[in-house]
Amino acid sequence: MKKLLILFSLVIISITIMAQTKLTGVVYDSEKLPLIGASIRISGTSEGTVADMDGKFSFETDLTKGRLQISFIGFQSIEREFDGSQDYTIYLVQETTSLNDVVVIGYGSSRKSDLTGSVASVSNMDQISSRPITSAQEFLQGNLAGVTVQQQGGDPASTPTITIRGMGSVNTESPLWVVDGMPYYGGTLNPNDIESITVLKDAASAAIYGAQASSGVIVVTTKSGKAGKLSVAVDVFAGVQQADNLPVPLTAEEQNWAYNTAADNSGATRDPARDVSLNPWGGVNRTNWIDEIFRKASVYNANVGLSGGGEKGIYSASFSYQKKQGLLINTSSERIGLRVKSQYNLSDKMRVGQNLYVLNEEAIGTNNTSSYSGTIINAMYMPSAAPVYDGEGNFHGVAPKGSDYAGSYGDVYNPVALLKRPATSNPVTYIDANAYIEFDFIKDFKFRSSLMLSLKDSEYKKFTPKIPESGRPSEMNYLNQSWSKRNKWIWDNQVSYSKTINNHHLDFTGVYSAQYTKYEYNLVNAQDFAREESWYHYLENAGSINSYSSDAYEDALNSMIGRFRYNYSDKYFLMGSIRRDQTSRLSSENNSDLFPSASVAWKMSNESFMQELNWIHSMKLRASWGQIGNIQSVSYYAYNVPMSSQRPTLGESDAQKVSGYYVKQQSNPNLKWETSESFDVGLDLSLFKGSLEITSDYFVKNTNDMIMTNAADSHLGVNDGPTSNVGTVENKGFEFSALYKGNIGSLKYSVNGNFSTTKNNLKDLDGYTSSYIYHSNNVRSTLYPYRSEPGQELYSYYLISSDGIFKTQTEIDNYTGSNGQLIQPNAKPGDLKFIDSNKDGEISNEDRTYKGNAFPDFTYAFNFSAEYKNFDLALTFQGVSGVKLFNAYKFTAYNAAQQGYNLDNRVLNAWSESNINSEIPMLRVDDPNSNFGTNSDWYLEDGSYLRLKNLTIGYNVPALLLNRICQGSSLRVYFSAENLFTITDYTGLDPEVGGIGLDLGTYPVAKTYSLGLSFKF
């Protein structure tokens, strides 16, 4: 019995000695909000846990003493000692340097300081809700080096285009948008919903997204709820827009003078329509047509956001409404959106979440890309003698009814009628839903399955009434109506493993992704409606169906991705990935391929030999290489093109129409992937305790096996040749950005700037049926300024050089070839002098040479923000340099040898014997020297500009005052000006013409002034 008591006592003592230490607590930020996922570790071991939804943690250890390390990305880590069981309340302070910011990358996140690839994050996201912008694309302009954003003019129906590190193909290129971890194909994102934007610029960073990421990836994280009581945010602004630097048409008197002078200069008989004694109507000035079509336009925006959460879940929701009038009458855009996002913890190891975004938008724009029917160019063409309406309230033509002189003013549309007459609707509805489940199934392992559905329904309906007035009359009315539907789903399954063992940190991500798209489109063109009221605009009422067409496709893409990341002692970093993509757009022999990438980084500042340089906070060298397959350039059935159909009439009546099928394009079963390959080397530097951050990169990006359509085999009798792999395009350049943050007493400020250079080169066209690429972009089927040839840039200007204007007949007589013959025998003083580049004694297309292209050699931006007590200020300057624009507006607006169109008033300064230094050729009603009809660099202008993109001044109402109304609320009021001024030498309406630089009278970017408020409670 005594022995049993002794044994029992020993067991009790042993259990007591082995009893575990219990460590519990809660982790908050400075505002006492729980830091979900904060890491709690025992120093020198792998023991620990993470904070739950309420910031709480609890775990047990065999150790009785030690140090507890508490950390959270973006916050300063701290340590706490323990001696036996402890309970803590811990507050973490946010880091002042952005190097510790969480950067969302493909299928995961990382500290900015740990990145190995070229990844850029927008640093001023707090300003996105304070600007009168309609899209995230607009906000990105000027914010990131290497990311070029071009407004496509100011048309409310247009969307800015984004090019990352240069143009790699003649095909349409656009970066992949990823929202909350899933590829996004929906409508315009609500700027108020966006929490962060990250751009993956090099192939090593973007490779994990594979076949859709060859043009870069823009990763967006939307706002999530936070645990705590319901929070409401209301953001409202209203503003007015106006155009600047508008052209001025000739008055009626000036138009008569110009054409009479042009006739005299040509030795021709004056047009009787320009004689006020014969045509007194034509001598009276009635209308400035530019003023008639432009207006001061309004913009309104309202957004209400809700967020909150509890012990088990968090949620957020928003409702947004935006309406924006266009600068041109009867143009506008309107958008209504609803977003709901939530996450719920089924257990401490399993979470589910969803993100639903419903959007309806409608944008009514106008045509400004045609030199025949563009709205702005027609406002220049229209005679100033014509009123907008006649005495009966109908639209007026170029001349009164029954006038004998209508033909003297050209085939012009009344531009007000062009905008007001058609009845147009274009509603588009998007539904994008993403649901996921996440499960920590084994220690250090995580599984996530996400399903995304993207639905798009579009309708377009335009009824064009008859045009009875003179100019370009039409006795027929038309209805164009189309419908399209696109259904898409993406299913991603992801396994992640993350483990820290002493100084080694391992991270592995494996993904299987599948996506499927189904699309259908139908178009009907009808005509001959007996009535033109809106209630009659239906196909059943048409006298005849003019034409109809349809399109449909199915598209599938399956991918397997593996990525490995390794970090040793926070000094040496390695990342590698490989992706296998399989597409339905290529034949079974070529439809799959492997695309690898690798990147490394060395954080030199963590080496012992750098420790004495305490002014260096962080220094990291990195290098990356990768390949990405590009599927965007491949049409859906290029490897096996379906037959086309037609219904020709066999006989004398439509009743005898029969269906016929034919081969329109050659197939190419050997078509393979276009591949984007890039190399990048970069330096990330943080100085003076993180106050100054510098990033620089040098990159080379090649597009290999570029996809284009070859010429057809003339023996087969088809219209188009096969889609083929031809050519290589290279882009290389340098990027630099810097950010400095500081304070002087109560004044906090930050300054950041960036610039980038890109050099484009078409290296070869191996496999193409021509030695150069012919581009069909043109001006009234007369000027074709573009051509791409190996050794030159894509979309290079291919033009004849000019050398001013001949001032005397002697200059013309002395301009001779080697044979003594006049090089320009039809020239007269006041005509352009063209350079005989090939020295053959004449001016012809053989004298054309390459003159660069419209893409900037150099882009730059400068941002400044400051806070002083309750006031804040933000300035954004943005500019481009080395841009060349083809000002095709001059082809008709300066040219009196057309159909009698009205002209720009700058022709009043055209060359004459008393104005010999003018740069505008002498006015003539003929053009024997082909001043305007020659593809010459006279049309080229420097499109460089510096623009004050945004100025915002804000004021935060004092909390003491607000607390009397609503406890814990905040209110900020602000004034914002967008596109305040532009410094440029370009003579067109706006240097930001978009596209490839062809300016036919571009819809100018609006100058916008707005007042807004942000109220949170």
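What this report covers is the structure whose coordinates are included nearby. As the structure is a computational prediction, the values presented were derived from the model and not from experiment.

1. Side note on empty space enclosed by the protein
Inspection of the entire model under this criterion finds nine cavities of 30 Å³ or more. Size it by volume and the largest cavity reaches roughly 230 Å³. As for the largest cavity, its lining consists of 26 residues, of which Thr148, Val149, Gln878, Val880 and Tyr945 are closest to the centre. At the level of secondary structure, the elements contributing two or more residues to the lining of the largest cavity comprise β11 (147-150), β45 (858-868) and β46 (871-881). Per-element tally for the lining of the largest cavity: the top contributor is β11, with four residues.

2. Observations regarding the side chain of Arg972
When you line up the elements, Arg972 lands in strand β50 (residues 970-978). A polar side-chain atom of Arg972 sits 2.7 Å from a polar atom in the side chain of Ser130. A distance of 2.7 Å separates a polar atom in the side chain of Arg972 from a polar atom in the side chain of Asp872. Apart from residues lying up to four places away in sequence, Arg972 is in contact with Ser130, Asp872, Thr952, Gly954, Tyr955, Asn956, Gly1012, Leu1013 and Ser1014.

3. Remarks on the packing of aromatic side chains
Centre-to-centre distance and the angle between the planes together describe a pair of aromatic rings. Applying the stated rule across the entire model yields 36 aromatic pairs. Consider the rings of Phe858 and Tyr860, whose centres lie 5.7 Å apart with planes at 40°: the pair is tilted. Exposure remark for Phe858: the relative accessible area of 29% places this residue in the partly exposed category. On the basis of relative accessibility, which here comes to 27%, the residue Tyr860 falls in the partly exposed class. Between Tyr889 and Tyr894, the aromatic rings sit 6.5 Å apart at their centres with planes inclined by 75°, giving edge-to-face as the arrangement. Cluster of aromatic residues (ring-pair linked, three or more members): Tyr786, Tyr795, Tyr797, Phe886, Tyr889, Tyr894, Phe932, Trp938 and Tyr939. Between the NZ or CZ atom of Arg274 and the centre of the ring of Tyr259, over which it lies, the distance is 4.3 Å.

4. Quick look at the nonpolar core
Ile293, Phe294, Ile773, Val779, Phe886, Tyr894 and Leu923 are the most contacted members of the largest nonpolar core, which has 81 residues in total. Mapped onto this core, the elements with two or more residues apiece are α4 (252-266), α5 (289-293), α6 (375-381), α7 (415-420), β41 (796-800), β43 (832-834) and α9 (889-893). Among the elements that take part in this core, α6 stands out by supplying five residues, more than any other. Not counting residues up to four positions away in its chain, the partners in contact with Ile293 are Leu327, Leu328, Ile329, Thr375, Ile376, Ala379, Pro415, Val416 and Leu419. Core analysis: the second largest hydrophobic core is formed by 26 residues, Met125, Leu140, Val220 and Tyr357 among them.

5. Quick look at a nonpolar patch on the surface
A cluster of nonpolar residues, Leu230, Val304, Leu306, Tyr315, Phe319, Ile336, Leu338 and Val340, forms a patch on the protein surface that exposes about 630 Å² of accessible area. Elements with a contribution of two residues or more to the nonpolar patch: β18 (297-309), β19 (313-325) and β20 (332-345). A total of three residues in the nonpolar patch trace back to one element, the largest contributor, which is β20. Locating Leu338 in the fold gives a position in strand β20. We classify Leu338 as partly exposed; its relative accessible area is 39%.

6. A look at the environment of Ser333
Tracing the chain through its elements places Ser333 in strand β20. Between the alpha carbons of Ser333 and Asn760 there is a distance of 35 Å; along the sequence they are 427 residues apart. Ignoring anything within four residues of it in the chain, the contact list for Ser333 reads Pro156, Gln322, Lys323, Lys324, Glu362 and Ala363.

7. Some words on unusual backbone geometry
You will see that Asn245, though not glycine, has its phi angle at about 60°, which is positive. With respect to the helices and strands, the residue Asn245 is situated in the loop between β17 (228-242) and α4. The phi dihedral of Asp705 falls on the positive side, at around 55°, and the residue is not glycine. Checked against the element boundaries, Asp705 lands in the loop between β34 (692-704) and β35 (707-709).

8. Details of the side chain of Thr331
Along the chain, the position of Thr331 falls in the loop between β19 and β20. At a separation of 3.2 Å, a polar atom in the side chain of Thr331 contacts the side chain of Tyr1003. Apart from the residues within four sequence positions on either side, Thr331 is in contact with Pro156, Arg295, Gln325, Gly326, Ile364, Gly365, Thr366, Leu419 and Tyr1003.

9. Looking at the pairing of β18
Across twelve bridges, the pairing between β17 and β18 is antiparallel. Along β18, the bridge assignment pairs Val232 with Leu306. Direction of pairing for β18 relative to β19: antiparallel, over a ladder of eleven bridges. Counted as the bridge partner of Ser307 is Ser316 from β19.

10. Side note on the environment of Pro722
Tracing the backbone shows Pro722 in the loop between β35 and β36 (723-725). Since its relative accessible area comes to 14%, Pro722 is described here as buried. Each C-alpha atom of the pair Pro722 and Met708 lies 8.4 Å from the other, and the pair is 14 residues apart in sequence. Not counting residues within four places of it along the chain, the set of residues in contact with Pro722 comprises Gln665, Gln666, Ser667, Asn668, Met708, Thr709, Asn710 and Ala711.

11. Let's talk about the sheet that holds strand β1 (residues 21-28)
Strand order in this open sheet of three strands is β4-β1-β7, and the pairing throughout is mixed. Unpaired on one side and paired on the other, β4 (56-61) and β7 (86-91) mark the two borders of the sheet. Averaged over all pairs of adjacent strands, the angle between strand axes in this sheet comes to 20°, irrespective of strand direction. When β1 meets β4, the two strands line up antiparallel, connected through six bridges. Bridge pairing in β4 places Thr24 opposite Ser58.

Parameters at a glance
- Residues numbered from 1 in each chain as written.
- Predicted model: local features only at pLDDT ≥ 70, side-chain atom pairs only at ≥ 80, totals over all residues.
- Heavy atoms only, no water.
- 1 Å grid on protein atoms, 1.4 Å probe; cavity = no way out; pocket = protein on both sides within 12 Å on 5 of 7 lines; lining within 4 Å.
- Points joined across faces, edges and corners; volume = space filled by probe spheres on them.
- Helix = DSSP H or I, 4+ residues; strand = E, 2+ residues; numbered from the N terminus.
- Polar contact = N/O pair within 3.5 Å; in protein donor to acceptor, adjacent residues only side chain to side chain.
- Contact = heavy atoms within 4.5 Å.
- Phe/Tyr/Trp six-rings, centres within 6.5 Å; stacked < 30°, edge-to-face > 60°.
- Buried < 20%, exposed > 50% of the residue type's maximum accessible area, 1.4 Å probe, protein only.
- Lys NZ or Arg CZ within 6 Å of the ring centre and 35° of its normal.
- Core = buried A, V, L, I, M, F, W, Y, C linked by side-chain atoms within 4.5 Å.
- Patch = residues over 30% accessible without salt bridge, like charges linked within 9 Å, V, L, I, M, F, W, Y side chains within 5 Å.
- Areas by Shrake-Rupley, 256 points an atom, 1.4 Å probe, with all protein chains shown as cover.
- Salt bridge = Lys/Arg side-chain N within 4 Å of Asp/Glu carboxyl O.
- Pairing = 2+ DSSP bridges.
- Axes fitted to C-alpha atoms, helices over the stretch in contact; angles between N-to-C directions.

All we've got here are geometric facts, nothing functional implied.
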